[in-house]
Amino acid sequence: MEPTQLMFSSRLLRKAYRPERRHQGCPADVFQCEEEFMALVKQSETTQPMDRGEWHRLCNEFSDKWEHICHWVHPRRLADFLTENLELEWVGEYPIRPET
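Every value quoted in this text rests on a predicted model; they were computed, and no experiment measured them.

**Student:** Would you take a moment to explain the side chain of Arg18 for this structure?
**Tutor:** Relative to the helices and strands, Arg18 is located in the loop between α1 (3-12) and α2 (29-46). Buried and unpaired, Arg18 has no salt bridge, with Glu20 as the nearest side chain of opposite charge at 5.4 Å. Excluding residues that lie within four positions of it along the chain, Arg18 makes contacts with Ser9, Ser10, Arg11, Leu13 and His71.

**Student:** Sorry if this is basic, but what is going on with the nonpolar core here?
**Tutor:** Across soluble globular proteins, nonpolar side chains show a tendency to be buried alongside one another. Phe37, Trp55, Phe62 and Leu78 are the most contacted members of the largest nonpolar core, which totals 28 residues. Secondary-structure elements contributing two or more residues to this core are α1, α2, α3 (52-65) and α4 (75-86). Counting residues per element, this core draws most heavily on α2, at six residues.

**Student:** Is there a simple way to think about the environment of His68 in this case?
**Tutor:** Tracing the backbone through its elements, the reader meets His68 in the loop between α3 and α4. Here His68 falls in the partly exposed class, since its relative accessible area comes to 41%. Placed 38 residues apart in sequence, His68 and Val30 show a C-alpha to C-alpha distance of 9.5 Å. Leaving out residues up to four positions away in the same chain, His68 has contacts with Arg14, Tyr17 and Asp29. Polar side-chain contacts of His68 include one of 3.0 Å to the side chain of Asp29.

**Student:** Can you help me understand unusual backbone geometry in this one?
**Tutor:** The general pattern is negative phi for most residues beyond glycine and trans for most peptide bonds. Between Gln48 and the following residue, Pro49, the backbone shows a cis peptide bond with an omega angle of -5°. Mapped onto the elements, Pro49 comes out in the loop between α2 and β1 (50-51). In this structure, Glu87 takes a positive phi of about 55° despite not being glycine. Structurally, Glu87 is set in the loop between α4 and β2 (90-91). Residue Glu87 is classed as exposed on the basis of its relative accessible area of 67%.

So, how was this worked out
- Residues numbered from 1 in each chain as written.
- Predicted model: local features only at pLDDT ≥ 70, side-chain atom pairs only at ≥ 80, totals over all residues.
- Heavy atoms only, no water.
- Helix = DSSP H or I, 4+ residues; strand = E, 2+ residues; numbered from the N terminus.
- Buried < 20%, exposed > 50% of the residue type's maximum accessible area, 1.4 Å probe, protein only.
- Lys, Arg positive; Asp, Glu negative; His and termini not counted.
- Salt bridge = Lys/Arg side-chain N within 4 Å of Asp/Glu carboxyl O.
- Contact = heavy atoms within 4.5 Å.
- Core = buried A, V, L, I, M, F, W, Y, C linked by side-chain atoms within 4.5 Å.
- Polar contact = N/O pair within 3.5 Å; in protein donor to acceptor, adjacent residues only side chain to side chain.

This is the structure in structure tokens:
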């Protein structure tokens, strides 16, 4: 398993859906979620350098869509992981976090 898939299945998937815990009744959209995550990573590879603001938006959209299967995708941490493992390049600034 490549590092990105391993990170996805061990850190982002909710525990009930992780590969070692899956069962026959596992929802099919778990696999669709993983495919869409890998497509998100592929998009960052093909859009080089990737804009941080756009990346933040894409990660949040993914997290909103798949919150029932995945934990929130932290845009900066995922970007750091991809930079380290895939040597991706980034431009621009992350959006300012709204105060709560």
